[in-house]
Structures are given as structure tokens and as C-alpha cells.
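Observations on chain architecture
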Amino acid sequence: MFRFIQYIERQVVLFDAIEDAAFSKTHSPEESGSLVALLQQASFNPSLKAKLKQKLQDFSLRLVLTAHPTQFYPGRVLAIITDLTEAIKSNNINNIHLLLQQLGKTPFFNKSKPTPVNEAASLAWFLENVFYNVVSELQKQVEDEFESPIFNAHQLIELGFWPGGDRDGNPNVTTATTREVSDLLREILFRCYYRDFRSLKRRITFRGVEDNMNRLQDLFYENSFVRAGEPENMQNEIIQNLEAVKDVLLRSHDGLFADRVDNLIRKVRLFGCYFASLDIRQDSRVLRKAHIAGRAFIKDVFPSNYDELSEEEKINAISFIEADIPAEGYDDLTNDTFATIRLMKRMQTGGGEKASHRFIISNCQQASDILQLITLFLWSGWKKEDLTVDFVPLFETVQDLKAAGTVMERLYSHPFYKEHLKARGNKQVIMLGFSDSTKDGGYLMANWSIYKAKIELTSLARRYGIQLAFFDGRGGPPARGGGKTHRFYATMGKEIANDHIQLTIQGQTISSHYGSFDSAHFNIEQMVNAGVLSSFDDNDRNTLSAEQKSLLASMAETSHQAFVTLREDPLFLKYLERHSPLKLLSQINISSRPVKRNSGGELKLEDLRAISFVTAWTQLKQNIPGFYGVGSALKKAKEDGTWRDVKSLYESSGQFRTMMDNCIMSMSKADFRITAFLESDAEFGTFWRKLKDEFDLTRALMLELTGTTILMEQYPVERRSIALRERIILPLVIIQHYALQQLESGDHDENTVQILSKLIIRTVYGIVNAGRNVA
């Protein structure tokens, strides 16, 4: 049976490679929604060209790679997929045959859990083999359309990185980890530079450039293979030498190969000495404890009853004095907090400010969470006038989203924070989490809560003269903010800040959307195009009217009630534990992160990570977080006589259409036939029928809403891809349920339990990989 699973795993890889090879045929670069089409239009329309240039001067896209336990393919398998894709493109049968043999003998998974550094190295594969070339190529493509430079103050596409910096709920990430990952990113980047330089050196064999080329050879080689104790930022020196080489080529050698020098200069400007900005993230509760510990060294500044004060009193009591308190001598998490704050200064010294300039506060519930964190920096050697760090609050739950406006207004009106923002160009980043809000309130309420919060926060920022950027914590599936992401950004409307698009990309979404040059180029183009087009909506067709907002709010509330009622059912968590591999996810050796935050205690829904929650439902082939409650909301709209308004909203609002289409995508990957045996189960029969009834109701009303006869009828290529993938993994799903039933059926000896558990775990890999955006 394990051999059978191995065969299906490799079937999935082959199908991935075939789809990637056909990408240029199934996704035309000239199709509507691509940057290529927009640039082509602009080249024949001076007015549009001027408008586009102005927008691009104010716009940026930031993609942040995150390590999550759904990125199953290691680098060795990704390399095979890349080579297999090229072999299929060129119809090289002999090479395909050899690569499939190699694939058959290559292990897919680790025998032990990866460390955070292992995870970083795995994701760095995409930086090195995809983003390094794609980001540079897209920047060049846009610059070539205009006669003069348009990115003087910023770059079009920025890269962020979480592995090694995200320590929220992951005790395996330490200051040593963060330092190791920072050094690793630098080394990988310089190896990319060195490869390009060696190619350049073979062409530039002329007199007059010897000294500059020798110096560049030393810089690239040493930083690629010799790790410095205290790295230096060499970006300016590298660019100066490359510019000197280019100047000689233009003056003395007819400009021969000057374009190749330009390409390397562009990459050095884009990636500096850091490759991707390493974000730091920690939970507010950990930071509050660090503040308590640090106050012991700050005498006669904070009142003795500070922790008992109200929020307003705390804000008034906070004093922003500079100090140099010990970096260790506390508990492990507090030691890590103070040491990491000091490390950020080192990273900026070695790679420039962008190497690490953001600290994200998870579970941010009050303005004092941000202000207290600033004091931790000032107590760790940072100076007020040189605090080159952006403090990013993360609002995740439905309740936190409601309170976000109050938190931010307190910050915008605070004298010290106002001065800090002024020093940072009056720019504020706010992160919004989709996953926890879906687990908390259901699919429709999560989307509505975030949409509503964005409107409120944008209005507030504009009132205070703040340039706001939303950083969206999106996962792979619609239940975690994924799906047709670019369409969300193309239809934001004027009420929502959209000049700077920032989002996480994680799990198999990285390999499926950004795993090859073609797919990454296309998907990044779509995101840039979406941000640009949203600003061209002069008639403001995408802003919802008061009546439309009221209708959506009513539907979200109905959906929320249905989802909360389900979640509060005593069988909810029990059903998930019994009939999905939830309890075994912690044994999967693909993530350094625990399945739940309270890793030592009893399993509780509030502690369960959203990614584990969603993954468990997708393994069941029920995808409850992606649709449950939507059918109930549509049904009530019919009963209330507002169905015509709902249909009008679907036809006129890009936001609502995208919400519904993503919900349909999630439903298309569900198959209740797999668990139909539970309908007659004495314990879970009624609960299963409740899930199935909501699915059937949602499906029927979705088809009526969209005017179609089958799910995803408007997207035939994607529908066919999903159908084929579901067919490939059907045996894995059956094997998984068989093994789960065997585990529950009675007493087994330890050896049998281990075999059945391993069988279940192995099926998880293939199911998630085949789904590409199901977890």
C-alpha cells in the first residue's frame, strides 16, 4: 500500500510538470488582466501612458514568503519538476524517461522535522531559481516602456521573508536562527550575483576594466563562500564598480555588452546585500512579558501599578527614554525578544535598512502593545532619531478587526508615534489575518469583516494624513484568503487604500503560482495590473453603495450565526479528531511549527492553528471553512425578498463576485461521497447530515446565483484541472479513511498503530500537493 501511495505522489508531480509546461498555452500573456496587455495599450495611447507612469511611481507590490506546513516538496523534488517541465516543453522523451526514473528513486519527505533554517533554505530555492530573475525581468519590462526612470524612490516589486523571523508560537525560532537565516539569504544572493558575473566576465575581455572586474570578482566570491563575522553593506561599492565598467564599454568599446552590465546593476539595486526583507513577528503577550521584565531596570519611570492601569492611563504613563538594559538573564522568550531587537540593528548594518525593518505584533489588541514595543527598542541600544523600524499591528479575529480603528486612532494621535511616523515618511502598514477570522466567524463574515475594517482604517488614515498599506495574511485556499487573489485587489474601490499591495504567499501556493518563471511572471503581472487598474476606475464602480453594504452585512451576520452554531456543536471538534488526520498532523515532518499554540495542553479549538483547522477539513473532502453558512445566508436573502438585489450585487460588484467564485472553487474540491458512510452512524449521523445539507443548499443557490449548471462552469480550464487532480488522489483519500477507521475500530498492538498512523500521514502529503491551494 505504501508503494501505491508513492506511485500516486509521483503522478501528482508529473501532472504538476505537465500543467507548468502548458502554462503559456492555458494563460495567454495578452489576455485581459495582464500587465503586458496594459503596457501594449499604453504604447499607443499617450494619455494612458502618462497616467500609468504616474500610478507606477506611487505603486508597489510586496510578496512575503512564509514557511507553512503545506510546502511539502523539498528543493531536490522542485528541481526535478523544473527540469521535467522543460523536457515536456521540448518533447524530449529520453530526458522525460530519465527524470521520471530519478523521481521514482528520490525521497519526497524528511525522516525528521525540519529546523526553521531548513525551512528557510527550502523557500530560498524559489528566491534563487525564480524570483531573482522574474522580479528583475518585470522591472526591466516596465522601465523599457518609458523614456525616463520611474522608480527613483522605490522599486516596483519587493520581497519579504518570514522563515527564521516569525517566532509567533514557534519556540524553535531563536535569535541564532534569525541570524543564520539572514546570513543564508546573503550567501545565496551573492552566489546568484557571482553566477551572473562569471557569465559577464566571459564576454567582457577588453582593456580598461581590469581593476573594476578584479574587485567585483573578489566581492562576489568572498561573500558567496566566506561567511563574515560582521557583514558589511557593499551595495554601493558593487554598483560603482559596475557603473565604471559600463562607462568604459560605452566610451571605448561601442557599448558592447553594456546591456548585460545594466541587468546586473538592476539586480543589485533590487536585492542589495539582503535578497528579501526578513520580517520579525512575535505575539503581543510575549512582548508584554518582556516589557514587565525590562521595566525592572528602568527605575522611577513607570508607576508601580502600571499593569493594573486602564489603556488610556497606560498610554499616558509610557515614557520613551533611551537605555541599555541587559539582553539576557530573563526567561527564554524574553531573552529572545531583547536579543532579536539588537540583531535587527546588525542586519541593517550588514544589508541596509531593508534587510530587516519590520516588527509585526500578532494578537495586537491595544495601542499600548505597539508603544511598549517601541520602548523595548529604545532600551536595547536604538536611538529615537535613528529608529529605522516599522511597527506593524496584526489584527486577526473578528473582534480584533472591530477594535482596529480605535487602536490605530490612539496611535495616530499619540505625540511620540506621530513623530516616528513622520520620520518614516508618514507611512503605516497594517496586517490583517484571514485565516483566524475564518476559523472565528466563517467564510463570509471573515471576508466582510476585513472589507469593512479596511474601509474604516483607510478613512482614518486619510483623516490623519497617513499613507496606509494593508499587508494581507493570505493562505492558499479561499478559507484562508486565497483563491483568485488578484481580483480582490482589482475591485477594491476608492474607499480602500490600494497603492501598495502586500500579501503573504505560503504553502503549495508558492510552488503552484510561483514555482516556475512562466507562472511567477504571469501571477506577479496580474497582481501589479490589479493594483494599477483599481486606480483607473474613475467612475468608482467598485465602491459599494450603502444599500449594498447593508445587504452584505446582513448576509454575513446570517452566515456567522450558522457557522458559530455549528462550531459550538459538542460533536464539532470530536468529529474532526475522529474522522480527519488532525491528531496526527503534529507528526508530519514538514514544519518546525507546532499544530497548536498551547502545544502541551488539551486540544482546544481556540488554540488550534487555522492552517491545521483548514487542512483537516480538506483531508475530509468537506472544506467546511470555505463555504459553511453561505447557503444559509443566500436562503435568508430569498426569504426576505432581496434575492434580486443579491443577483445584482454579484453582477455589479467585483468584490462580491470574487468572494462567491472563490467559495465555489472551495466547494468544487469537496466530495461528500467519501464520508457518506457516516450518514447512518449512530453518533455522527445527524452532524454529518447537517454538513451535507448546508453543502447541498449552498451548491443549489450558488448555481442559481451564477446562472450556471455546474460548479466553476465559467472557468473550464481550472475546473478540468481540479477534476483531474481529484481523480488522481481519490485512492489516497480512500486509503486515509480506511486507516482512520482501522485505528478507531479497536485495540491494536503498537506496531500496527504505528503502521496505520504512518499510512495516514503519507496520504496527507499527496492530497495537499495535488490540491495546490487546499490548505
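Please refer to the structure higher up on the page.
Now for a look at the structure at hand. (Residues numbered from 1 in each chain as written. Predicted model: local features only at pLDDT ≥ 70, side-chain atom pairs only at ≥ 80, totals over all residues. Heavy atoms only, no water.)

Unlike most non-glycine residues, Asp-300 shows phi in positive territory, near 55°. On the secondary structure map, Asp-300 appears in the loop between α12 (284–295) and α13 (311–317). Phi angles above zero are rare outside glycine, and Asn-363 is one such case at about 55°. Turning to its location among the elements, Asn-363 is positioned in the loop between β5 (358–362) and α15 (367–378). (Helix = DSSP H or I, 4+ residues; strand = E, 2+ residues; numbered from the N terminus.)

Okay, the pattern of salt bridges next. Applying the stated criterion to the full structure yields 48 salt bridges. Note that Lys-89 and Asp-518 form a salt bridge whose closest N and O atoms lie 2.8 Å from each other. Of this pair, Lys-89 sits in helix α5 (residues 75–89) while Asp-518 sits in helix α22 (residues 517–535); the two residues are 429 residues apart in sequence, bridging distant segments of the chain. On the accessibility criterion, Lys-89 (39% relative accessible area) is partly exposed. Accessibility expressed as a relative area gives 26% for Asp-518, which makes it partly exposed. Sharing partners across several salt bridges, the network here consists of Arg-62, Glu-158, Asp-279 and Arg-358. (Salt bridge = Lys/Arg side-chain N within 4 Å of Asp/Glu carboxyl O. Buried < 20%, exposed > 50% of the residue type's maximum accessible area, 1.4 Å probe, protein only.)

Tallied over the entire structure, the rule returns 35 aromatic pairs. With a centroid separation of 5.4 Å and an interplanar angle of 55°, the aromatic rings of Phe-197 and Phe-220 are classed as tilted. Separated by 23 residues along the polypeptide, Phe-197 in helix α8 (residues 175–203) and Phe-220 in helix α9 (residues 210–225) bring together distant segments of the chain. By relative accessible area, Phe-197 is classed as buried at 0%. An aromatic cluster is built from Tyr-132, Phe-190, Tyr-193, Phe-197, Phe-220, Phe-271 and Phe-275, whose rings are joined through pairwise contacts. Sitting over the ring of Phe-471, Arg-358 keeps its end group 4.7 Å from the ring centre. The ring centre of Trp-643 lies 5.2 Å from the NZ or CZ of Lys-638, which sits over that ring. (Phe/Tyr/Trp six-rings, centres within 6.5 Å; stacked < 30°, edge-to-face > 60°. Lys NZ or Arg CZ within 6 Å of the ring centre and 35° of its normal.)

Okay, the pairing of strand β1 (residues 60–66) next. The side chains of a regular strand alternate between both faces of the sheet. Most of β1 sits inside the fold, with seven of its seven residues counted as buried. A two-sided burial pattern is seen for β1, the buried positions comprising Ser-60, Arg-62, Val-64 and Thr-66 on one face and Leu-61, Leu-63 and Leu-65 on the other. When β1 meets strand β9 (residues 500–506), the two strands line up parallel, connected through seven bridges. In the strand pairing of β9, Arg-62 is matched with Gln-502. The sheet contact formed by β1 and strand β2 (residues 157–161) spans five bridges and is parallel. Bridge pairing in β2 links Leu-61 to Ile-157. (Pairing = 2+ DSSP bridges.)

A surface patch of positive charge is lined by Arg-198, Arg-202, Arg-203 and Arg-260. Tracing the backbone shows Arg-198 in helix α8. (Patch = residues over 30% accessible without salt bridge, like charges linked within 9 Å, V, L, I, M, F, W, Y side chains within 5 Å. Areas by Shrake-Rupley, 256 points an atom, 1.4 Å probe, with all protein chains shown as cover. Lys, Arg positive; Asp, Glu negative; His and termini not counted. Charge placed at Lys NZ, Arg CZ, Asp CG, Glu CD.)

With their axes 11 Å apart at the nearest point, helix α28 (residues 654–668) and helix α29 (residues 685–706) run at an angle of 135° to one another. Viewed along their axes, α28 and α29 adopt a mutual orientation that is oblique. The interaxial crossing formed by α28 with α29 has left-handed handedness. Seen from α28, the contacting residues are Met-660, Cys-663, Ile-664 and Met-667; seen from α29, they are Phe-695, Thr-698, Arg-699, Met-702, Leu-705 and Thr-706. (Axes fitted to C-alpha atoms, helices over the stretch in contact; angles between N-to-C directions. Parallel < 35°, antiparallel > 145°, perpendicular 65-115°, else oblique. Left-handed = near helix turned anticlockwise from the far one by under 90°. Contact = heavy atoms within 4.5 Å.)

In this section: the packing of helix α3 (residues 35–43) against α22. Orientation of α3 relative to α22, taken along the N-to-C sense of each, is 50°, at an axis distance of 8 Å. Judged by the angle between their axes, α3 and α22 are oblique. On the side of α3, the interface is formed by Leu-35, Val-36 and Leu-38, while α22 contributes Glu-525, Val-528, Asn-529, Val-532 and Leu-533. Grouping the amino acids of the contact of α3 with α22 by side-chain chemistry returns six nonpolar, one polar and one charged. (Nonpolar A, V, L, I, M, F, W, Y, C, P; charged D, E, K, R; others polar.)

Looking now at the side chain of Gln-736. Mapped onto the fold, Gln-736 is located in helix α30 (residues 716–745). On the accessibility criterion, Gln-736 (0% relative accessible area) is buried. A polar contact is formed between the side chain of Gln-736 and the side chain of Gln-619, at a distance of 2.7 Å. A distance of 3.0 Å separates a polar atom in the side chain of Gln-736 from a polar atom in the side chain of Thr-763. (Polar contact = N/O pair within 3.5 Å; in protein donor to acceptor, adjacent residues only side chain to side chain.)

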